[in-house]
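# Residue-level structure breakdown
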Amino acid sequence: SVREAGGDSIVSLSKTTHKALNRKAVIEKRLLLALDQKNLKVLYQPQLDLKTGNITAVEALVRWEDEEIGVVAPDELIPIAEETGLINRIGSFMLERACEQAVEWRNAGINLKVSINSSVREFRDKNMAKSILDTLAKTNCPPSLLQIEITEKFALEAEAETSIIKQMRQLENEGITFALDDFGTGYASFRYMQLLPIEILKIDQTFISSLLQSEKTQRLIDGMVKFGKSMNLTVLAEGVEIEEQKDLLKSYGCDSIQGYYISRPVEPKEIEYMYSGK
Ligand code: C2E
Ligand code: MG
Ligand code: MG
Ligand code: MG
């Protein structure tokens with residue numbers, strides 16, 4: 001508890017700090033239970049190829065509604081899970097679900113890659129690559145159906161840790177693809193572009209949301225797309241909400257888009273309707 005950790009200092013903690021610590025402790029406790037009972041859910045958001053108009057992949061996003069504390073959004077959940085180490089368990093849960101889903105779809109003639117989000121902490125585990133490959137084998141999922149999204153923060157830290165790079169390359173050799181998420185928001189270091197086996201650039205939604213208002217942003221995104229293409233990467237724009245954004249992005253040569261314009265994150269069934277309905 002706070003008292004044990006801080007001794008007498010509890011009296012100096014402001015009420016809000018105390019409340020925040022308390023919420024974190026409650027989330028940790030409830031999350032442990034949810035993981036044991038597999039009470040987390042996965043929603044899928046489609047990624048659309050602008051050339052063909054086909055949905056080619058879906059991103060798996062964690063959802064959690066707890067009986068006692070209600071909905072805990074990923075933006076609150078993930079940082080706490082990273083801090084407490086529970087992210088590794090969320091990661092394996094998401095991976096297994098994603099693989100099962102990809103196989104179920106493939107067996108139904110639906111050809112979709114499933115993309116999962118990964119934290120650098122998961123790759124600090126020296127057995128990460130092996131456990132991913134084990135899960136693929138266990139679920140009968142071809143590696144080519146799995147995509148792994150890492151953030152710029154992940155990339156920056158991985159740069160200094162050879163065992164992470166090694167594991168990523170091992171997975172790449174097996175046919176798994178890596179995407180760089182939230183591109184442009186983090187710590188711009190072009191060195192990791194040389195070191196890491198990244199195939200997809202996901203331009204962060206904050207750029208897309210100001211695309212139509214700012215000529216500067218337009219030139220910036222145009223440049224980001226050209227940079228990605230010159231590196232032989234697939235460039236995807238996140239957070240596309242309206243048609244005009246899609247049209248501009250297409251004119252820049254952007255390969256694919258994800259966002260509310262196509263669909264919010266949804267249940268697998270709805271992905272199937274979209275896939276067969278086009
Ligand atoms: P992300 O990986 O960049 O995922 C995209 C986020 O943007 C999702 O939020 C999605 O619902 C939201 N989004 C998609 N299209 C639009 C749009 O058109 N407009 C707006 N305003 N938002 C859009 P979500 O699901 O709340 O997830 C937030 C972040 O939490 C994710 O950002 C990712 O970094 C993290 N996250 C989610 N699930 C997992 C997970 O299973 N593992 C890990 N490590 N991180 C996860
Ligand atoms: Mg992502
Ligand atoms: Mg993102
Ligand atoms: Mg994000």
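Within each chain, residues carry numbers counting from 1 in the order of the written sequence. For naming, the first written chain is A and the first written ligand is 1, with later ones following in the order written. Side-chain atom pairs in this predicted model are given and counted only at pLDDT of 80 or more, local residue features only at pLDDT of at least 70, and totals for whole chains, interfaces and linings cover all residues. Excluded from the side-chain calculations are hydrogens and water; all other atoms, namely the structure's heavy atoms, are used.

- The name given to the chain in an unreviewed UniProt entry is Diguanylate cyclase, with the source organism recorded as Lysinibacillus odysseyi 34hs-1 = NBRC 100172.

### Comments concerning the side chain of Gln245
- For helices the rule is a DSSP run of H or I covering at least 4 residues; for strands it is a run of E covering at least 2, with both sets numbered from the N terminus onward. Positionally, Gln245 belongs in helix 12 (residues 243-252).
- As used in this structure description, the phrase polar contact means that two N or O atoms lie within 3.5 Å; if the pair is within protein, one of them must be able to donate a hydrogen and the other to accept it, and residues adjacent in sequence are counted only when both atoms belong to side chains. For Gln245, the side chain forms a polar contact with the main-chain nitrogen of Glu241, separated by 2.7 Å.
- Here, residues are in contact when the closest pair of their heavy atoms is within 4.5 Å. Not counting residues within four places of it along the chain, the set of residues in contact with Gln245 comprises Ile208, Ser209, Leu211, Leu212, Gly239 and Val240.

### Focus on the coordination of the magnesium ion (ligand 3)
- Bound to the magnesium ion (ligand 3) on the protein side are Asp181 (OD), Asp182 (OD), Glu238 (OE) and Glu238 (OE), at distances that span 2.1 to 2.3 Å.
- Here the coordinating atoms are restricted to nitrogen, oxygen and sulfur within 2.8 Å of the metal centre, or 3.2 Å for Na, K and Ca, and because water is not among them the sites may look incomplete. Read from N- to C-terminus, the donor residues coordinating the magnesium ion (ligand 3) fall into the pattern D-D-x55-E.
- The magnesium ion (ligand 2) is placed at 4.2 Å from the magnesium ion (ligand 3), the two being bridged by Asp181.
- The exposure class assigned to Asp182 is partly exposed, which follows from its relative accessible area of 26%. Between buried and exposed lies partly exposed: a residue is buried under 20% and exposed over 50% of the maximum accessible area for its type, with that area taken using a 1.4 Å probe on protein chains only.

### Here we look at unusual backbone geometry
- Even without glycine at this site, Asp182 takes up a positive phi of about 55°.
- One non-glycine residue, Asn232, lies in positive phi territory at about 65°.
- In this structure, Asn232 sits in the loop between helix 11 (215-230) and strand 9 (234-237).
- When its relative accessible area of 71% is taken as the criterion, Asn232 is described as exposed.

### What about the nonpolar core?
- As used in this record, nonpolar core signifies buried Ala, Val, Leu, Ile, Met, Phe, Trp, Tyr and Cys residues forming a set joined through side-chain atoms within 4.5 Å. In terms of nonpolar packing, the biggest core is built from 79 residues, with Phe123, Ile132 and Ile148 touching the most fellow members.
- If one sorts the elements of this core by residue count, helix 4 (residues 87-107) sits on top with 10 residues.
- Sequence-distant contacts of Ile148, that is, excluding residues within four places in its chain, are made with Ile116, Ser118, Phe123, Ile132, Leu171, Ile176, Thr177, Phe178 and Ala179.

### Brief notes about the site of ligand 1
- Any residue with a heavy atom positioned within 4 Å of a molecule or strand is treated as near that molecule or strand. As a matter of local geometry, ligand 1 sits amid 23 residues, with Arg63, Asn117, Asp181, Glu241 and Tyr260 nearest to it.
- Here Arg63 contributes a side-chain N or O atom positioned 2.8 Å from an oxygen atom of ligand 1.
- What sets the accessible areas is the Shrake-Rupley method with a 1.4 Å probe; for residues, cover comes only from the shown protein chains. With the chains in place, 84% of the 800 Å² that ligand 1 exposes on its own is no longer accessible.
- One can see that ligand 1 is located within the largest pocket.
- Of all elements in the fold, only strand 2 (55-63), helix 3 (74-84), helix 4 and strand 7 (177-183) reach the threshold of two or more residues within the shell around ligand 1.
- By residue number, the principal contributor to the shell around ligand 1 is strand 2, which donates four residues.
- Residues are grouped as follows: Ala, Val, Leu, Ile, Met, Phe, Trp, Tyr, Cys and Pro are nonpolar; Asp, Glu, Lys and Arg are charged; all remaining types, including Gly, are polar. When its residues are assigned to classes, the shell around ligand 1 shows nine nonpolar, six polar and eight charged. Both cavities and pockets are sets of points on a 1 Å grid over the protein atoms alone; in a cavity a 1.4 Å probe fits but cannot get out, in a pocket the set is open with protein on both sides within 12 Å along at least five of seven lines, and lining residues sit with an atom within 4 Å of a point. Placement in a cavity or pocket follows one criterion, namely that more than half of the molecule's atoms lie within 2 Å of its grid points.

### Observations regarding the packing of helix 7 (residues 152-159) against helix 8 (residues 162-174)
- Angular values range over 0 to 180 degrees, each being the angle between N-to-C directions of two axes fitted as lines to C-alpha atoms, with helices fitted over their stretch in contact. At a closest axis distance of 7 Å, the pairing of helix 7 and helix 8 adopts a crossing angle of 115°. Between helix 7 and helix 8, the angle falls in the class roughly perpendicular. Residues Phe154, Ala158 and Glu159 of helix 7 lie in contact with helix 8, whose contacting residues are Ile164, Ile165 and Met168. Angle categories: roughly parallel below 35 degrees, roughly antiparallel above 145, roughly perpendicular from 65 to 115, and oblique for all the rest.

### A closer look at the pairing of strand 6 (residues 146-151)
- Of all six residues in strand 6, five are buried; the element is thus mostly enclosed.
- Note on pairing: DSSP must find at least two bridges between two strands before they are called paired. Here strand 5 (residues 113-117) pairs with strand 6 via four bridges, running parallel. From the neighbouring strand, Asn117 faces strand 6, where its bridge partner is Glu149.
- With five bridges connecting them, strand 6 and strand 7 associate as parallel partners. Bridged to Thr151 within strand 7 is Asp181.

### Digging into the packing of helix 11 against helix 12
- Taken N-terminus to C-terminus, the directions of helix 11 and helix 12 make an angle of 45°; their axes are 9 Å apart at the nearest point. Overall, the two elements helix 11 and helix 12 adopt an arrangement that is oblique. For the pair helix 11 and helix 12, the crossing hand works out as right-handed. Of the residues in helix 12, those touching helix 11 at Gln218, Ile221, Asp222, Val225 and Lys226 are Leu248, Leu249 and Tyr252.
- Classifying every residue of the contact of helix 11 with helix 12 by side-chain character gives five nonpolar, one polar and two charged. The crossing is said to be left-handed when, going from far helix to near helix, the turn is anticlockwise and less than a right angle, and right-handed when the turn is clockwise.

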